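# Notes for the structure review
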Amino acid sequence: QVHLVESGGGSVQTGDSLRLSCLASLYTVFSWYSLAWFRQAPGKEREFVAAISWMQSDANYVDSVKGRFTMSRDNAMKTLFLQMNSLKPEDTAVYYCAAKYQDVTSYSAASDYNYWGQGAQVTVSS
């Protein structure tokens, strides 16, 4: 059993910042999990945001958030983070953290992950 609990969502204005956290409760080694963030806006398909392989510390990002968002992981604290700067209205969505033990076939494919957080609402107003 793996449980992911998200926090840090909220309502902000254009240009503001937020940091999402995802705390993992598990019985295996956190560093052996591949991790990702996805988001889903109303009426739209779930979208890949960022991911970190279990073997690496560098994150991969969707082009629309590069230079604004930073994904990181604290293996000792079993926590995943998404720092979001220069937020735009188009960033408005429910954000989900995701995990899978060891490798994923495609880091940007939601179907490759089998553990999910409950979602955190991020609303950006202009």
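Quick summary incoming for the structure in this document. Please read all numbers here as calculations on a predicted model, not as lab measurements.

Rules behind the numbers
- Residues numbered from 1 in each chain as written.
- Predicted model: local features only at pLDDT ≥ 70, side-chain atom pairs only at ≥ 80, totals over all residues.
- Heavy atoms only, no water.
- Helix = DSSP H or I, 4+ residues; strand = E, 2+ residues; numbered from the N terminus.
- Rg over C-alpha atoms; globule rule 2.2 N^0.38 Å.
- Buried < 20%, exposed > 50% of the residue type's maximum accessible area, 1.4 Å probe, protein only.
- Contact = heavy atoms within 4.5 Å.
- Areas by Shrake-Rupley, 256 points an atom, 1.4 Å probe, with all protein chains shown as cover.
- Lys, Arg positive; Asp, Glu negative; His and termini not counted.
- Charge placed at Lys NZ, Arg CZ, Asp CG, Glu CD.
- Disulfide = S-S within 2.5 Å.
- Salt bridge = Lys/Arg side-chain N within 4 Å of Asp/Glu carboxyl O.
- Pairing = 2+ DSSP bridges.
- Axes fitted to C-alpha atoms, helices over the stretch in contact; angles between N-to-C directions.
- Core = buried A, V, L, I, M, F, W, Y, C linked by side-chain atoms within 4.5 Å.

### Quick look at the overall build of the chain
Counting secondary structure elements, the chain contains zero helices and 11 strands. Mapped from its N terminus to its C terminus, the chain presents α and β elements in the order β-β-β-β-β-β-β-β-β-β-β. Compactness check: the chain gives a C-alpha radius of gyration of 14 Å against a globular reference of 14 Å for 126 residues, within 12% of the reference. C-alpha extents for the chain along the principal axes are approximately 45 × 25 × 25 Å. In the chain, buried positions account for 40% of the 126 residues. Restricting to contacts in the chain with at least 6 residues of sequence separation, those with at least 24 account for 58%. Surface summary for the chain: the accessible area is close to 6,700 Å², and the carbon and sulfur share equals 48%. Averaged over its 10 positive side-chain charges, the chain has a centre that lies 2 Å from the centre of its 11 negative ones.

### Brief notes about the state of the cysteines
Any covalent bond linking the sulfur atoms of two cysteines counts as a disulfide. Per the stated rule, a full pass over the model turns up one disulfide. Covalent S-S linkage joins Cys22 and Cys97, the inter-sulfur distance amounting to 2.1 Å. Here the disulfide of Cys22 and Cys97 is right-handed, its torsion about the S-S bond being about 60°. Linking Cys22 in strand E3 (residues 18-25) with Cys97 in strand E9 (residues 93-101), this pair joins segments that are 75 residues apart in sequence.

### As for the pattern of salt bridges
It is possible for side chains of opposite charge to pair when their charged atoms get near one another. Using the criterion set out here, one finds four salt bridges in the structure. The partner of Arg39 in a salt bridge is Asp91, and the shortest N-O contact between them spans 2.9 Å. Here Asp91 lies in the loop between strand E8 (79-84) and E9 and Arg39 lies in strand E4 (residues 33-40), a separation of 52 residues in the sequence. For Arg39, a relative accessible area of 6% gives the class buried. The exposure class assigned to Asp91 is buried, which follows from its relative accessible area of 1%. When salt bridges with common partners are traced through the structure, they connect Arg39, Glu47, Arg68 and Asp91 into a single cluster.

### Brief notes about unusual backbone geometry
Excluding glycine, residues mostly have negative phi values, and the peptide bonds linking residues are mostly trans. With phi around 55°, Lys78 is a residue other than glycine that occupies positive phi space. Its place among the elements puts Lys78 in the loop between strand E7 (69-74) and E8. Overall, Lys78 belongs to the partly exposed group, its relative accessible area being 29%.

### Remarks on the sheet that holds E8
The pairing of strands in a sheet happens through backbone hydrogen bonds and is either parallel or antiparallel. Spatial strand order, E1-E3-E8-E7: four strands in an open sheet with antiparallel pairing. With partners counted over all chains shown, the strands left at the sheet margins are strand E1 (3-7) and E7, one partner each. Averaged over all pairs of adjacent strands, the angle between their axes in this sheet comes to 15°, without regard to strand direction. Of the pairings in the sheet, the one linking E3 to E8 comprises six bridges and is antiparallel in character.

### Details of the nonpolar core
Among the nonpolar cores identified, the biggest contains 39 residues, and Trp37, Leu82, Met84 and Tyr95 are the most heavily contacted of them. Sequence-distant contacts of Met84, defined by excluding residues within four places in its chain, comprise Asp16, Ser17, Leu18, Leu20, Arg68, Phe69, Tyr95 and Val122.

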